[in-house]
Amino acid sequence: VGHISQDHAGVMAKGFGRIKEEVLWHLRTLDLADPKNLEKEAFLRSVVITSDAAITFGRRYAEEARRLAGREPDPGRREELLRVADICTRVPEHPASRFHEAVQFVWFIELITQMETNGVSISPGRLDQYLYPYYKKDINQGVLTRDQALDIIECFWIKLSEMVILYDKITASFIANFSMGEHINLGGLTPEGKDATNELSYLCLQAQMDVGLMQPNLSVRVHKNSPEKFLVEAARVVREKNAIPQFLNDDLFVPAMVERGVPLGEARDYAGVGCDEMCIAGKTGGDLFVYISMAKVLELALNNGRWRLCGGRMGPATGDPRDFGSIDQVWEAFGRQLEYFTRQGAVVMNTEALVHREVMPVPFLSSTLQGCVPRGRDMTAGGADYYWTSLIAIAGMSNVGDSIAALDRLVFQEQRISMDELLLALDRNFEGAEHIRQMLINKAPKFGNDDDAVDGPTVRAVNLAYAESQKYRDPRGGVLKKSIWPAYLTVTAHVQFGQSVGALPDGKPAGAPLNDGISPSQGRDRSGPTAAMSSVAKLDQSQSVGGMIFNMKFSPGSLAGEDNLARFVSLIRTYFDQGGGQVQFNVTSSKTLKEAQELPEKHQNLMVRVVGYAALFVELSRAVQDDLITRTQYTEV
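Residues numbered from 1 in each chain as written. Predicted model: local features only at pLDDT ≥ 70, side-chain atom pairs only at ≥ 80, totals over all residues. Heavy atoms only, no water.

I would appreciate a short explanation of the nonpolar core in the present structure.
It is characteristic of soluble globular proteins that their nonpolar side chains tend to be buried jointly. Counting 190 residues, the largest nonpolar core has Phe99, Leu131, Trp157, Phe247, Met257, Phe334 and Val583 as its most contacted members. At 10 residues, helix 5 (residues 99-117) tops the list of elements feeding residues into this core. With sequence-adjacent residues up to four places away left out, Val583 is seen in contact with Gln246, Phe247, Met533, Phe550, Met552, Ile572, Tyr575 and Phe576. Among the nonpolar cores identified, the runner-up in size contains 8 residues, and Ala346, Met349, Tyr472 and Ile484 belong to it. (Core = buried A, V, L, I, M, F, W, Y, C linked by side-chain atoms within 4.5 Å. Buried < 20%, exposed > 50% of the residue type's maximum accessible area, 1.4 Å probe, protein only. Helix = DSSP H or I, 4+ residues; strand = E, 2+ residues; numbered from the N terminus. Contact = heavy atoms within 4.5 Å.)

Teacher, can you tell me more about the packing of aromatic side chains here?
Two measures describe an aromatic ring pair: the distance that separates the ring centres and the angle between the ring planes. Applying the stated criterion across every chain, the model contains 21 aromatic pairs. Here the aromatic rings of Phe16 and Phe364 are separated by 5.2 Å at their centres, their planes lie at 25 degrees, and the arrangement is stacked. On the criterion of sequence distance, the pair formed by Phe16 in helix 2 (residues 16-29) and Phe364 in helix 16 (residues 363-367) is long-range, its members being 348 residues apart. Ring geometry for Phe289 and Tyr291: centres 6.2 Å apart, planes at 20 degrees, overall stacked. By relative accessible area, which is 18% here, Phe289 ends up buried. Residue Tyr291 is classed as partly exposed on the basis of its relative accessible area, which comes to 26%. Here a set of aromatic residues connected by ring pairs shows up, and it is made of Phe247, Phe554, Phe568, Phe585 and Tyr634. (Phe/Tyr/Trp six-rings, centres within 6.5 Å; stacked < 30°, edge-to-face > 60°.)

Looking at this model, I keep getting lost on helix 2. Mind explaining?
Residue pairs three or four apart in sequence face the same way in an α-helix, which turns once every 3.6 residues. Taking 1.5 Å of rise per residue, the 14 residues of helix 2 would be expected to cover 20 Å, and the 20 Å separating its terminal C-alpha atoms lies within 8% of that figure. Of the residues making up helix 2, those classed as buried are Phe16, Gly17, Ile19, Val23, His26 and Leu27. Among the structural elements, helix 1 (8-14), helix 3 (36-70), helix 5, helix 16 and helix 17 (372-375) are those in contact with the buried residues of helix 2. (Expected span 1.5 Å × (residues − 1).)

When you look at empty space enclosed by the protein in this model, what are you seeing that I'm missing?
Where empty space is left becomes clear once a probe the size of a water molecule has been rolled over the atoms. Inspection of the entire model under this criterion finds 2 cavities of 30 Å³ or more. By volume, the largest cavity amounts to about 100 Å³. Residue lining of the largest cavity: 13 residues in total, with Pro520, Asp525, Asn551, Arg631 and Thr632 positioned closest to the centre. Here the lining of the largest cavity takes 3 residues from strand 8 (residues 551-554), the largest share from any one element. A class-by-class count of the residues in the lining of the largest cavity yields 4 nonpolar, 5 polar and 4 charged. Reported here for the second largest cavity is a volume of approximately 50 Å³. Lining the second largest cavity, in full, are Val1, Gly2, Gly286, Asp287, Leu288, Ala353, His356, Met379, Thr380 and Arg476. (1 Å grid on protein atoms, 1.4 Å probe; cavity = no way out; pocket = protein on both sides within 12 Å on 5 of 7 lines; lining within 4 Å. Points joined across faces, edges and corners; volume = space filled by probe spheres on them. Nonpolar A, V, L, I, M, F, W, Y, C, P; charged D, E, K, R; others polar.)

Whenever I open this one, the pairing of strand 9 (residues 582-587) confuses me. Can you help?
Where a strand is regular, its side chains alternate between the two sheet faces. Summarising burial for strand 9: 6 of the 6 residues are buried, a large majority. The alternating pattern of strand 9 places Gln582, Gln584 and Asn586 on one face and Val583, Phe585 and Val587 on the opposite face, and all of these are buried. One ladder, built from 2 bridges, connects strand 3 (residues 246-249) with strand 9; its direction is antiparallel. The residue bridging Phe247 from the neighbouring strand is Val583, located in strand 9. (Pairing = 2+ DSSP bridges.)

It is not clear to me how helix 10 (residues 199-211) should be interpreted in this structure. Could you clarify?
If you check helix 10, its first and last C-alpha atoms are 18 Å apart, about what 13 residues at 1.5 Å a residue would give, namely 18 Å. Along helix 10, the positions that sit buried rather than exposed are Leu200, Ser201, Leu203, Cys204, Leu205, Ala207, Gln208 and Val211. The opening residue of helix 10, the one whose side-chain oxygen lies 2.8 Å from the backbone nitrogen of Leu200, is Asn198. (Polar contact = N/O pair within 3.5 Å; in protein donor to acceptor, adjacent residues only side chain to side chain.)

What follows is the structure, encoded as structure tokens:
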């Protein structure tokens, strides 16, 4: 269980001592003669156990800090350890009263949740918002300086980078590197609709500039009234530290969540978790992901439901494509395959949810969410106020759009290639048919160049996937009108999925990576950054409140100087004005990446944006490194 942001403000205001008292009150009021209350009793008693455990955990830290202080010869360090001991004696049992206590409380929540769930993307959320009252109070009372606060934040940044999750071999191929997805959001809107940027927002940017590690996954929430100074400083961190932060569009996501039934004030207070999935902190259960390779779906549509690489049947028989007389028949076969596999995805999702409920309850995590204790129900059993899940995380949408555009133009409209010739070339992975592959690449339009001839099919394919996903509901319940919130992101699944997809009509050879997220296919966006953004913005990204990833790569020189930083911010604002929802950047050259690949010992600290997270380039697999190298590099803003 992961991809969640908890009710940090509410939990810190109570402490686990009071949470335990509230649970005991609910236990005393239960009528155990009612059989429905027996399950509630079991859950509530488990919360008592985890509350006691959290309190004991803090006390153990306090005891260890005092032990270390007793043997510490340096007076300054000894005083620091005693201060840590005092803080850990208070939190997490009692409410946080000072800034340092509040940050320590957040770390305890993060660490204990991680120990219970072994999940990823346990996200602190809007850190600059719920910590700001503690910061302001301490500053005003003269018990904290700005530099002391920055030091505490930077220590917290380092702690977030200490945890590592170890994946099995298969999972590791889908999620390259050791990122924990601990997402922190900065700026954005207040629940009242005002700009939320404050001093802590800037301090967090400074912490990233100073520490520069892979964690946390930092995002800047942007709206039409976001301060220009704040966005320029965020852009400066991107330039200097390459991969962090990413940018999210409040003016898109807030109305999208309202449309799905979230009250306006809560929608404005959303938190990005993991890569950039949306949630209402403290009210939302963890996401359940089911990936669907749209490129594989198209392969099956063009092979009568059979896997091109091995010949086995995977999907329903949708007709021999040699009999297709128009692109409409291709669309019909693609739609039927997509319908079939989305339905299978729903079965997987429902099964996963039931397994979590039966054998993987999370009482500590549940106690940090609103609704679970009053309902006497674990989060996995539907205890949280809201539920949604990313039923379908799309991989290969650009490959599909490019392929269908190539089929339409070169096979059906201009008839430069017959369907027989194309299918034979695909079966042979273009061996002996390189001229056909080059025609597919160079004579057909490609997504990412602001060309409606290919942008239209790409949008249509994504809309079909969205429509299919909306036929199903999250099995854990929930009060929202649409409980399935699709995700258009891939982590590194686009590399792994590509290995099991045969040759495609966009010119992709068998085994090559698919496009990542909603980005154009690697190297195919040749008309500059504004054209790429215009293509991507044509997608209805309000559908994807389950998360999306748009990657762009700029050369370091393109962002040099203050004028270029200002132009960079303007580029982001323009993209968001067009309807873009999220964008992130690598500021490095393909030359540097190639050198790091060959001489890793000289580039140990080279950080890159992989997909929804950052990683050290030298720790990535060769396949993922190659994927990063082949992405289009822009030389000017």
